[in-house]
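Secondary and tertiary structure notes
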Amino acid sequence: MKSVDAHLAEILATVRPLAPLELELEQALGTTLAEDVSSPVPLPPFDNSAMDGYAVRAEDLTDLPATLPVIDDVAAGSVELRAVGPGHAVRIMTGAPLPAGADAVVPVEWTDGGTVTVRIDRRAEAGNAIRRAGEDVQAGEVVLKAGTVIGPAQLGIIAGVGRRRVWARPRPRVVVISTGAELVEPGGTLQPGQIWDSNSYTLTAAVREVGADGFRAGSVGDDPGVLLDRLDTHLVRADAIITSGGVSMGAYEPVKEALSPLGTVRFEKVAMQPGMPQGFGVLGDDQVPIFALPGNPVSSFVSFMLFVRPALDKMRGLPGGMPETVTAVTTGVLRSPFGRRSYLRGVLAADGTVSPAHGQGSHQLAALASANALIVVPEDVTEVEAGASVEVVRL
């Protein structure tokens, strides 16, 4: 059997980062920057008030309480030039430009709030409640580097430096298809021998959770021709395709029957549990990666975490590799077949212990739903005693 590491290495050697596009800000969330972003001006671009209050000269507040005439108001967004002379005050709002001559802002809470004259009861030192020009960003300074994932805060600074568009690698478009004549849409009525399709929902959600755009294409039966038609329909809009089911050694395996003759998709046994049968390759003139995952719900989800997620990371322009692990102490005995790397479902606690879930079968979706971690048991280990240290992948 092929090792887990070798299978992932082959996948990562095949997939490529998506080409950058110039995107409007409204389209950029979740994409990966393909350029450095710098500020053309200092931020803030001018000295401004950090609070509602009064712009003053600090030297006028040596004797308290001090009463000063209020000679003007300045609001945020004001473009008029204002100044404060000795012994005067200007009422100022948060974000408003600091008048010339002022070197401190007295918060309104330290005053009587007057509009003609103001009584100031507490001394403000020079620089109090003032945001200086450039104290956040200097003109020409890089605020985001290429390779940064654009989240809400990153989107904010891009807009904050005046950019309307940005070059970024888009979110991969991933089509998800379940296979199996036994599958029924949730909400439908089950006949004998049928089950509701959960894989397409699980995998589409997993795709979206890791920063790609998932498109659920439903399920197909056991006819390889129907599957090929469905794949052909979706290739034009897909950066990657995920199928589940139809990859084992038995009869009625539509994914293997449909794709094996193409010569661009390989089906192999990978030394892991769950998820031993795996398929991977490319389709079409654009060499679209296809991940043919096993049909058991836990097997397909674990396979996604180990193989599909790193590939999607690479397509997004991010480092791709095995999921990071943390060390924990198992509260129960763990067993694993020799020669396979096991990924057991478990609950990782705040105290650094991990408890194996009850029900480790590859079909037991309820146990997976209650887990927040995968406990890794290496290929050459068949039993781990309670109290031993183990590596854990967070879910």
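Preceding block: the structure.
What comes next is a walk through the structure.

The rules we used
- Residues numbered from 1 in each chain as written.
- Predicted model: local features only at pLDDT ≥ 70, side-chain atom pairs only at ≥ 80, totals over all residues.
- Heavy atoms only, no water.
- Pairing = 2+ DSSP bridges.
- Helix = DSSP H or I, 4+ residues; strand = E, 2+ residues; numbered from the N terminus.
- Salt bridge = Lys/Arg side-chain N within 4 Å of Asp/Glu carboxyl O.
- Buried < 20%, exposed > 50% of the residue type's maximum accessible area, 1.4 Å probe, protein only.
- 1 Å grid on protein atoms, 1.4 Å probe; cavity = no way out; pocket = protein on both sides within 12 Å on 5 of 7 lines; lining within 4 Å.
- Points joined across faces, edges and corners; volume = space filled by probe spheres on them.
- Nonpolar A, V, L, I, M, F, W, Y, C, P; charged D, E, K, R; others polar.

Let us look at the sheet that holds strand 2 (residues 32–33). Strand order in the open sheet formed by three strands is 1-12-2, with antiparallel pairing between adjacent strands. Two strands in the sheet have a free side with no partner beyond their single neighbour: strand 1 (21–24) and strand 2. For strand 1 and strand 12 (residues 165–169), the ladder comprises four bridges, and the chain directions are antiparallel. Within strand 12, the residue paired with L21 across the bridge is A168.

This structure, assessed with the given rule, holds 21 salt bridges. In this structure, the salt-bridge partner of K2 is E268, at a minimum N-O distance of 2.9 Å. Note that K2 is positioned in the segment before helix 1 (4–14) and E268 in strand 18 (residues 265–269), a separation of 266 residues in sequence. Accessibility classification places K2 together with E268 in one group, the buried group. Here the residues in one salt-bridge network are K2, E10, R266 and E268, joined through shared partners.

In this structure, the largest pocket encloses a volume near 360 Å³. Together, 28 residues line the largest pocket, and E182, G245, P294, G295 and N296 are the ones closest to its centre. Residue composition of the lining of the largest pocket, grouped by class: ten nonpolar, 14 polar and four charged. The computed volume of the second largest pocket comes to approximately 250 Å³. Lining of the second largest pocket is provided by 13 residues; of these, R309, D313, M322, P323 and E324 occupy positions nearest its centre. Elements with a minimum of two residues in the lining of the second largest pocket: helix 6 (297–315), strand 22 (325–330) and strand 28 (389–394). With four residues, the single largest contributor to the lining of the second largest pocket is helix 6. Its residues placed into classes, the lining of the second largest pocket shows seven nonpolar, two polar and four charged.

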